[in-house]
Amino acid sequence: MFSPLLQSIIDREGYEVVSHETLASAAQAHEFAMVFFPGDAERLAESNDVAVVLPELGKALMGRVATLVVERDSERELQRRYLFNAFPAIVFLRRGDYLGVLQGIFDWADYLEQIPDILGREPSDPPPFKFPDGCGVAPESLRH
């Protein structure tokens, strides 16, 4: 299911693991939630990097933001709900409503700058899905 590292962090920190069926009620129980979508840690080295950062983010946010971890079987369905395009990702919610997303790993200073900005936003719909750079469009040199 999860990498051994992430599973040990979930166990140690007591993070709630959520599915597409339980996320809404779990997130509504908290003023703020950061919802971690780890992706496949065997394929994505950044997955474990972000997993290690999660407890430190929780401390930096002084316990004001609950951490929820999405079970692997629910990631793609929830990805379609929040319209992000890369794993790992952290989706931020206020009482279950979308605030923003961070994709991949960041420098610590970037987390400390971007997260307060995201938490200060008004809830909204996720922005339209955007394909990652280089996907779906052939370079000019390959078009005929």
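Below or above, wherever it landed, is the structure these notes cover. (Residues numbered from 1 in each chain as written. Predicted model: local features only at pLDDT ≥ 70, side-chain atom pairs only at ≥ 80, totals over all residues. Heavy atoms only, no water.)

1. Description of the pairing of strand S4 (residues 89-94)
Right, on to step 1. By the criterion of burial, S4 is predominantly enclosed, with six of the six residues buried.
Right, on to step 2. Judged from the six bridges that link them, S4 and strand S5 (residues 97-103) form a sheet pairing that is antiparallel. Pairing of Ile 90 across the sheet is with Leu 102, part of S5.
Right, on to step 3. Between S4 and S5, which pair antiparallel one after the other, the connecting turn spans two residues, and Arg 95 there sits at a positive phi close to 50 degrees. (Buried < 20%, exposed > 50% of the residue type's maximum accessible area, 1.4 Å probe, protein only. Helix = DSSP H or I, 4+ residues; strand = E, 2+ residues; numbered from the N terminus. Pairing = 2+ DSSP bridges.)

2. So, the packing of helix H1 (residues 4-13) against helix H3 (residues 45-60)
Right, on to step 1. For the pair H1 and H3, the least separation of the axes is 9 Å and the interaxial angle reads 15 degrees. The orientation of H1 relative to H3 falls into the category roughly parallel. For the pair H1 and H3, the sense of crossing is left-handed. Facing H1, whose interface residues are Leu 5, Leu 6, Ile 9, Arg 12 and Glu 13, H3 presents Asn 48, Ala 51, Val 52 and Pro 55. (Axes fitted to C-alpha atoms, helices over the stretch in contact; angles between N-to-C directions. Parallel < 35°, antiparallel > 145°, perpendicular 65-115°, else oblique. Left-handed = near helix turned anticlockwise from the far one by under 90°. Contact = heavy atoms within 4.5 Å.)

3. Remarks on the environment of Val 17
Right, on to step 1. Topologically, Val 17 is positioned in strand S1 (residues 16-18).
Right, on to step 2. Sequence separation between Val 17 and Val 35 is 18 residues, and the spatial gap between their C-alpha atoms is 9.5 Å.
Right, on to step 3. If near-sequence neighbours (up to four positions away) are discounted, Val 17 is found in contact with Met 1, Phe 2, Ile 10, Val 69 and Glu 71.

4. Side note on the packing of aromatic side chains
Right, on to step 1. On inspection of all chains with the given rule, the structure shows six aromatic pairs.
Right, on to step 2. On the numbers, 6.5 Å between centres and 75 degrees between planes, the contact of Phe 37 with Tyr 82 is edge-to-face. A residue pair is termed long-range when its members are at least 10 positions apart, and Phe 37 in strand S2 (residues 32-37) and Tyr 82 in helix H4 (residues 75-82) qualify at 45 residues. When sorted by exposure, Phe 37 lands in the same class as Tyr 82, which is buried.
Right, on to step 3. Relative to Phe 84, the ring of Phe 37 has its centre 4.8 Å away and its plane inclined at 65 degrees; by these criteria the two rings are edge-to-face. (Phe/Tyr/Trp six-rings, centres within 6.5 Å; stacked < 30°, edge-to-face > 60°.)

Nothing here speaks to function; it is geometry throughout.
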